[in-house]
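Close look at the chain arrangement
The primary structure of each chain is shown beneath.
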Amino acid sequence: MALLALAPPLAVPAATGIRCDFRCVAMAVASWRWRPDTTPQRAEFMSSEAAPAQIRPTAGKARTPAGKARPEAAKARPAPGNRVYNFNAGPSMMPLPVMEETREALADFAGLGAGVVEISHRSPEFLALVEESLTLLRELLEVPDHYRILLAHGGGQLQMSVVPFNLIAYRPARKALYVDSGLFAARALDIGTRYGYVHVPAHSRDSDYDRVPEIEPDMLDPEASYLYLCSNNTVMGTRFHTFPDTGALPLVADMTSEILSRRLDVSRFGVIFAGAQKNLAPAGLAVVIVREDLIGHALPTTPRIMNYAELAKDAHSLANTPTTLSLYMMCLLLRWIAAQGGVPEMERQAERRSGLLYDLIDASGGFYRGYVLPAHRATMNVTFTLPDDERLQRFLAEADRAGLYALKGHASRGGVRASIYNAMPMEGVELLADFMQDFQRRHG
Ligand SMILES: Cc1ncc(COP(=O)(O)O)c(C=O)c1O
């Protein structure tokens, strides 16, 4: 495993940047930053000998990348590479070396003179990347041999339809059990009702999703085709700390917001899926891990590229043109995780990061109030609120100015949400903790 991480295939030599020290990369690439005054509304490529090819504005007022002026906010850029600490829930922060190496590969990948998004997904160079990613995923997640790893389109919500298309007919009753633990679980169960009979054996709606529900053995209906749960509830900040033993009933888990952040016994699951945009890659890609005997039960109406059997036919899981940029960046990210020490190290760091924030919330005498019962707290999304809306708004605005970006809670919940996925350095969370203490001193 370690050897693989240290010795990437010759086809992708530029990968060495991933293992550079964070600060040294940051200094070497200080040119990486958004420049609001040059970001175009309409743009054209220009090149000159003095300056390499770049995008120049042709007209219009200066805009930020989001198209909205942020004149005061994010003035501070405390993170390596002159960046902010990005707490967005997804798309989310990526390691700077991954971003930098991608920037190089966009113009010239592996010395081909063509960018990674320009070459064929069936070229030997690209297939080497895909093979490496599949191997790394298998190793990092310790996926047993009788499971297939599939690369799919469309992120988390598309997979919510893919699951019933492929599995609802696994047993003749065409029935599925959905545990309702929050917004994305509820959405999945709503989607499931279009394909079969959906039962909800357990939910935590009555307590406004401040916990994940208990799943008792007598809830496991043997006639059901699967039991579905969302392992980490991104909006609420809860997670299943343990998973039920469902025996012969296939357990399906949406792990979009915590894949590769915790050790897992994959053999307990029938299907695990994850949209890429939090811990894997830029949005648009999903990874599906499916037990082999669950492949081949798709409804006849299943679209080809949503059918596990079609995806599994190809050794590289390339049933059509995939989202090549996401696949490329996932490979870099997986190498980065491997180089850091793999999933056990990601888990250790996740517990340290979230532990610091939860300890601070608990010690704040009620100034910061968590939404979630302590035993159900997530490590990836820390949610809390302040005594009143005025202080909440002030907190969010001041944090933004301090370079602590995108801390606003989900629209359905409000408050603060710090999404601290694998790429968030401890320094970012320490800065947030210092900010929180200082804010309480001034406004408590
Ligand atoms: C747990 C979970 N599942 C599914 C989704 C939906 O993913 P997508 O936006 O890729 O469809 C999200 C999005 O944040 C999520 O957090």
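Residues numbered from 1 in each chain as written. Predicted model: local features only at pLDDT ≥ 70, side-chain atom pairs only at ≥ 80, totals over all residues.

Description of the overall build of the chain
Stated formally: By the criteria applied, helices consist of DSSP H or I runs no shorter than four residues and strands consist of E runs no shorter than two, each listed in order from the N terminus. We call a residue exposed when 12 or fewer other C-beta atoms sit within 10 Å of its C-beta, buried when the count reaches 20 or more, and partly exposed for counts in between; the C-beta positions come from the backbone. The contact criterion used is a C-beta to C-beta distance within 7 Å, with each C-beta placed from the backbone.
When you go through the chain residue by residue, the secondary structure sums to 11 helices and 16 strands. Buried residues in the chain amount to 44% of all 444 residues. Look at the contacts in the chain between residues 6 or more apart in sequence, and 69% of them connect residues 24 or more apart.

Some thoughts on the sheet that holds strand E12 (residues 285-291)
Applied cut-off: Any two strands with at least two DSSP-identified bridges between them are counted as paired. Angles run from 0 to 180 degrees between N-to-C directions of axes, and those axes are lines fitted to C-alpha atoms, restricted for helices to the stretch in contact.
Here seven strands make up an open sheet; going across it, the order is E4-E12-E11-E10-E7-E5-E6 and the pairing mixed. Where the open sheet ends on each side, the last strands, each with one partner, are strand E4 (147-153) and strand E6 (197-199). Strand-to-strand, the axes of this sheet are offset by a mean angle of 20 degrees, without reference to chain direction. Relative to E12, E4 runs antiparallel, the two being bridged by seven bridges. Residue pairing across strands places Leu151 opposite Val287, the latter belonging to E12. Those strands touched by helix H5 (residues 155-167) are E4, strand E5 (175-178), strand E7 (226-230), strand E10 (251-254), strand E11 (271-275) and E12, and its axis lies near 30 degrees from that of E12.

Things to note about the site of the ligand
The line we're drawing: Any residue whose backbone-placed C-beta atom lies within 6 Å of a molecule or strand is treated as near that molecule or strand. By the convention adopted, Pro, Cys, Tyr, Trp, Phe, Met, Ile, Leu, Val and Ala count as nonpolar, Lys, Arg, Asp and Glu as charged, and the other residues, Gly among them, as polar.
Close to the ligand lie Gly90, Gly155, Gly156, Gln157, Phe184, Cys230, Thr234, Asp254, Thr256, Ser257, Gly275 and Gln277. By residue number, the principal contributor to the shell around the ligand is H5, which donates three residues. Classifying every residue of the shell around the ligand gives two nonpolar, nine polar and one charged.

As for the packing of helix H8 (residues 324-340) against helix H9 (residues 342-362)
To keep it simple, the criterion reads: Relative orientations are named as follows: roughly parallel for angles under 35 degrees, roughly antiparallel for angles over 145 degrees, roughly perpendicular for angles from 65 to 115 degrees, and oblique for any other angle.
Running from N to C, H8 and H9 point in directions that differ by 80 degrees, and their axes come no closer than 7 Å. The angle between H8 and H9 places the two elements in the roughly perpendicular class. Residues Ile337, Ala338 and Gln340 of H8 form the contact with H9, whose own contacting residues are Gly342, Glu345 and Met346. Residues belonging to the contact of H8 with H9 are distributed by class as follows: three nonpolar, two polar and one charged.

Considering the sheet that holds strand E13 (residues 369-370)
Taken together, the three strands give an open sheet; going across it, the order is E13-E14-E16, and neighbouring strands pair in antiparallel fashion. Single-partner strands in this sheet number two, and they are E13 and strand E16 (416-419). Where E13 meets strand E14 (residues 381-385), two bridges bridge the pair, whose relative direction is antiparallel. Counterpart to Gly370 in the pairing with E14 is Phe384. Sheet strands touched by H9: E13, E14 and E16. Its angle to E14, the strand with the most contacts, is close to 15 degrees.

Considerations on the environment of Ala315
Among the structural elements, Ala315 can be located in the loop between helix H7 (308-313) and H8. When the 10 C-beta atoms within 10 Å are taken as the criterion, Ala315 is described as exposed. Between the C-alpha atom of Ala315 and that of Leu134, which follows or precedes it by 181 residues, the distance is 10.0 Å.

Quick word on the environment of Leu183
With respect to the helices and strands, Leu183 occurs in helix H6 (residues 183-192). With 22 residues separating them along the chain, Leu183 and Arg205 place their C-alpha atoms 9.9 Å apart.

Things to note about H5
Applicable threshold: To estimate how far a helix should reach, multiply one less than its number of residues by 1.5 Å.
Between its first and last C-alpha, H5 extends 18 Å over 13 residues, near the 18 Å set by a 1.5 Å rise per residue. For H5, the full list of buried residues reads Gly155, Gly156, Gln159, Met160, Val162, Val163, Pro164, Asn166 and Leu167.

What about the pairing of E11?
Where burial is concerned, most of E11 is hidden: five out of the five residues are buried. Residues Val271, Phe273 and Gly275 point to one face of E11 and Ile272 and Ala274 to the other, with burial holding for every one of them. Where E10 lies against E11, three bridges are found, and the strand directions are parallel. Bridge pairing links Ala253 to Ile272 in E11. As paired elements, E11 and E12 share five bridges and run antiparallel to each other. Among the inter-strand pairings, Val271 is bridged to a residue of E12, identified as Val290.

Remarks on the packing of helix H3 (residues 96-107) against H8
Here is the rule: A crossing counts as left-handed when the near helix is turned anticlockwise from the far one by less than a right angle, and as right-handed when that turn is clockwise.
Running from amino to carboxyl end, H3 crosses H8 at an angle of 145 degrees, the nearest separation of the two axes being 10 Å. Crossing geometry of H3 relative to H8 is assigned as right-handed. On the side of H3, the interface is formed by Pro97, Val98, Glu101, Thr102 and Ala105, while H8 contributes Tyr328, Met329, Leu332, Leu333 and Trp336. Considering only residue class, the contact of H3 with H8 consists of eight nonpolar, one polar and one charged.

Quick look at the confidence of the model for the chain
Note the cut-off: Values of pLDDT, which run from 0 to 100, indicate the predictor's confidence residue by residue.
For the chain, the mean per-residue pLDDT works out to 88, and 83% of the residues sit at or above 70. Taken as a whole, residues 1-53 scores under 50 in pLDDT and shows 93 contacts with residues more than four places along the chain or in a different chain. Contacts for the low-pLDDT stretch residues 57-62, under 50 throughout, to residues beyond four places or in other chains number 15 contacts.

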